[in-house]
Amino acid sequence: MPATETDRPPVPRRGLMARLRGSTLYRSVVRTPGSDSPSGRALHAFGNVFLHIYPVRIPRGLLRFRSTWRLGFISSVLFALLFITGLYLMFFYTPAVSMAYGDMQQLRAQVGFGQLIRNVHRWGAHLMVLAVVLHLVRVFVHGGYKAPRQFNWVIGVGLLVVTLAYSFTGYLLPWDQLAYWAVTVGSGLVKYAPGVGNVLRDFLLGGETIGQAALLRFYVIHVAVLTVAFALLMAVHLWRIRKDGLVVGDTGVAHDVTARVDDRIALPAAEQADGVARLDDSRRVLGVVHVDEVPGRSRDPDDEVFSWPALIIRHQVIALAVCALVLALGIAFEAPLRDIANPNLTPEPSKAPWYFVGLQELLAHFDPLVAGVLAPGALVAALVALPYVDRNPSRRPADRKVALVLFWAVFLGLVVLTIIGAFFRGPGWAFVLPWEHLYFEP
Amino acid sequence: MDQTRRDLLEAGWTVGGGLLIAAAGWTSFVALKPLASAGGGGVLPLLEPDAYPEGSATFVRQGRLFITRTGGELHAISQKCPHLGCAVPFCESSGQFECPCHGSVFNAAGEWISGPSPRGMDRHPLQVTDGRLLVNTAVLEEGAPLGSRKFDGRARGPRCTTEPAD
Ligand code: FES
């Protein structure tokens, strides 16, 4: 990997590719010629609509896998996979009670690679929930929600909620017993919301029972409403990463990749003859930043590398690895399809998908208002409020003992509830030992 | 003067914007409101009352309800669990309703015995006309509150679902 920053003379190129690259047509499509010089690498990231999501230069520490565990990027790759497989599935799916289940069987029996696409969609969705949750944990542990990144944390919580809503709405679509009863229980919770519960539930289901209206509503929400919401939130999320800078890994130090433009806009007193403030060699801020507001100390130009190729190649490798993993899962394990939905017969046991099974476990012990509405509501509210409540500016673990202990306590509590619900519960929600009989629905 | 005009315009934009948002919200609400369900049930004729002996539970598919008899009384019990809406089966060996979802247990009269359900099972009104039992599925009465049990809460035999450990 050429990580040196020296300006090597561009290597003269010959052959077909070189001639293609020099052609007027190619140059009209690709704005910037790639050349293996610092400016060439910068332009490569800067001049491409997709790559310019990346900053031109990034702190070297970001190249270490452990700096972010690449969890945000992995989530985006999974989203892309789900988007593409979802498009394929839409060609073969009719959101009608009389058709949906038959479509699932047809997908399995007649559509080329149909079952594989469905498997990939299913396992990809599970992995995405996992990746998004782990991303949240990683950002919390590194203190990435602290000023000025509070709002981006809130956007991230929004993305988590959208991801869960995707899973919940997608769960109904196969219209099998698993789907029907998981959604019966899930939407049954909504009615316990004080005051508006019944209205809200009828709104979601388009009626009092789970039927045609509910299936169509879930479908539209799943393929359209949530996708628009996700795209918008994602755009803001990535843009804010660029504007607010990254928090890189285990050093506990923030690397502000771009200067932060404070809302207290002021022209710097000096060096504004041409309207450009020169804060240091590598940064130009368009004369609208109060010099004191720019956290320049954390940025060391000598400790930076170009995103292209150093980071982008790493991302490509990870994207391929994620695709390979999901494909392998899809080949190895079939997505479940139970009997067609039967409103008269609840299967034994009826479990929610694993990421909601902790909630179901709570439901067995507490009043539904507490377990089904207040507890998850409080959890989301606490996540949203976290950056505004925890005003401790330090990112060093030693300075944040209370926050870390509280966070891990809640997180481990959820993990334990999930494990009990997923593996230690059988018919009638009675306690069973998983090594005697495993009732686990993926 | 200038200032007032600017203030006025600003207020106008705020109010106008608020009205637009309210209109959009109201339109969506009206458009997406669930359609009125067709009728929501009616009076369903059943067999003569003697066809339902003591201790039995008969499932009536059209009404998604059970007809049971305990202590000489007939009950029409909705199959839908008052907790979160799972379909509760009747367990022949224990003579109780045992919900498969979170383990709520009700006696044959639909009264709450254990589990997370907030009340007893919901019921439909029954009447006898010309020697035939009629059940009104359009009316759903909330089940009896917890701890108001009139009938026996003991199982007559082994449970279908295993006893919760706690
Ligand atoms: S739905 Fe019956 S106990 Fe929860």
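Here the structure is a predicted model, which means the values were calculated and not measured.

**Student:** What is the right way to read the overall build of chain A from this model?
**Tutor:** A count of helical and extended segments in chain A gives 15 helices and six strands. Looking at chain A as a whole, 45% of its 442 residues are labelled buried.

**Student:** Can you walk me through the pattern of salt bridges in this structure?
**Tutor:** Pairing between side chains becomes possible if they bear opposite charge and their charged atoms approach one another. All names here are of chain A. Taken as a whole, this structure holds ten salt bridges over all chains when the rule is applied. A salt bridge links Asp390 to Lys146; the nearest nitrogen and oxygen atoms lie 3.3 Å apart. Of the two residues, Asp390 is situated in the loop between α14 (368–389) and α15 (401–423) and Lys146 in the loop between α7 (114–141) and α8 (150–172); the sequence distance between them amounts to 244 residues. Residue Asp390 is classed as buried on the basis of its relative accessible area of 15%.

**Student:** Looking at this model, I keep getting lost on the packing of aromatic side chains. Mind explaining?
**Tutor:** How two aromatic rings sit relative to each other is set out by the distance from centre to centre and by the angle between their planes. A complete count under the given rule lists 25 aromatic pairs over all chains for this structure. Ring geometry for Phe407 of chain A versus Phe411 of chain A: centroids 6.3 Å apart, planes at 5°, classification stacked. Taken together, the positions of Phe407 of chain A and Phe411 of chain A, both in helix α15 and four residues apart, correspond to about one turn of that helix. Classification of Phe407 of chain A as buried rests on a relative accessible area of 13%. Measuring from centroid to centroid gives 5.1 Å for Phe59 of chain B and Phe66 of chain B, while their planes differ by 50°, and the two rings are tilted. A connected cluster of aromatic rings, assembled from ring pairs, spans Phe140, Tyr145, Trp153, Phe407, Trp408 and Phe411 of chain A. Positioned over the ring face of Phe306 of chain A is Arg57 of chain A, at 5.4 Å from the centre of the ring.

**Student:** Just checking my understanding: could you explain the confidence of the model for chain B for this structure?
**Tutor:** Detailed conclusions should not be drawn from predicted coordinates in areas where pLDDT is low. When pLDDT is averaged along chain B, the result is 86; 93% of the residues meet or exceed 70. Taken over the whole predicted complex, pTM reads 0.84, whereas the ipTM for its chain interfaces reads 0.79.

**Student:** Explain the nonpolar core to me, please; I cannot follow it from the model alone.
**Tutor:** The nonpolar side chains of soluble globular proteins are, as a tendency, buried together. Of all hydrophobic cores here, the largest spans 44 residues; its most connected members are Tyr93, Leu172, Trp175, Ile210, Leu215 and Phe218 of chain A together with Phe97 of chain B. Every element with two or more residues in this core is listed here: α6 (100–109), α8, α9 (177–190), α11 (212–244) and α13 (354–365) of chain A. Ranked by the residues each element gives to this core, the list is headed by α9 of chain A, at five residues. With residues near it in sequence (within four places) discarded, Phe97 of chain B still touches Phe66, Thr68, Ile77, Val88, Pro89, Phe90, Ser104, Val105, Phe106, Asn107, Ala108 and Met121 of chain B.

**Student:** Before we go on, may I ask you to explain the interface of chain B and chain A in this structure?
**Tutor:** How large an interface is tends to be reported as the accessible area lost when its parts come together. Listed by partner, the interface residues are 29 residues for chain B and 33 residues for chain A. For the pairing of chain B and chain A, the buried interface totals around 2,300 Å² over both sides, and the portion due to carbon and sulfur atoms is 56%. When the buried area of chain B at its contact with chain A is split by residue, Leu84, Pro100 and His102 of chain B rank highest and sum to 24% of it. Inspection of the region where chain B meets chain A yields zero salt bridges.

**Student:** What exactly am I supposed to notice about α8 of chain A here?
**Tutor:** Because each turn of an α-helix spans 3.6 residues, side chains separated by three or four positions in sequence point in the same direction. In a regular helix each residue adds 1.5 Å, so 23 residues correspond to 33 Å; α8 of chain A covers 34 Å between its end C-alpha atoms and thus fits that length. Burial runs high along α8 of chain A: 17 of the 23 residues are buried.

**Student:** Which parts of the structure should I look at to understand the state of the cysteines?
**Tutor:** All names here are of chain B. The full count for this structure, using the stated rule, is two disulfides over all chains. Residue pairing for Cys86: its cysteine sulfur links by disulfide to Cys101, the two sulfurs lying 1.8 Å apart. Sign of the S-S torsion, about -90° for the bond between Cys86 and Cys101, identifies this disulfide as left-handed. Taken together, the residues Cys86 in the loop between β4 (73–78) and β5 (90–91) and Cys101 in the loop between β6 (96–98) and β7 (105–106) connect sequence positions 15 residues apart. Each disulfide pairs two cysteine sulfurs, and for Cys91 the partner residue is Cys160, the sulfurs being separated by 2.0 Å. Judged by the torsion about the S-S bond (85°), the Cys91/Cys160 disulfide is right-handed. One end of the pair, Cys91, is in strand β5; the other, Cys160, is in the segment after β10 (132–136), with 69 residues separating them in the sequence.

What counts and how
Residues numbered from 1 in each chain as written. Chains lettered and ligands numbered in written order. Predicted model: local features only at pLDDT ≥ 70, side-chain atom pairs only at ≥ 80, totals over all residues. Heavy atoms only, no water. Helix = DSSP H or I, 4+ residues; strand = E, 2+ residues; numbered from the N terminus. Buried < 20%, exposed > 50% of the residue type's maximum accessible area, 1.4 Å probe, protein only. Salt bridge = Lys/Arg side-chain N within 4 Å of Asp/Glu carboxyl O. Phe/Tyr/Trp six-rings, centres within 6.5 Å; stacked < 30°, edge-to-face > 60°. Lys NZ or Arg CZ within 6 Å of the ring centre and 35° of its normal. pLDDT = per-residue confidence, 0-100. Core = buried A, V, L, I, M, F, W, Y, C linked by side-chain atoms within 4.5 Å. Contact = heavy atoms within 4.5 Å. Buried area = accessible area lost by both parts, 1.4 Å probe. Expected span 1.5 Å × (residues − 1). Disulfide = S-S within 2.5 Å.

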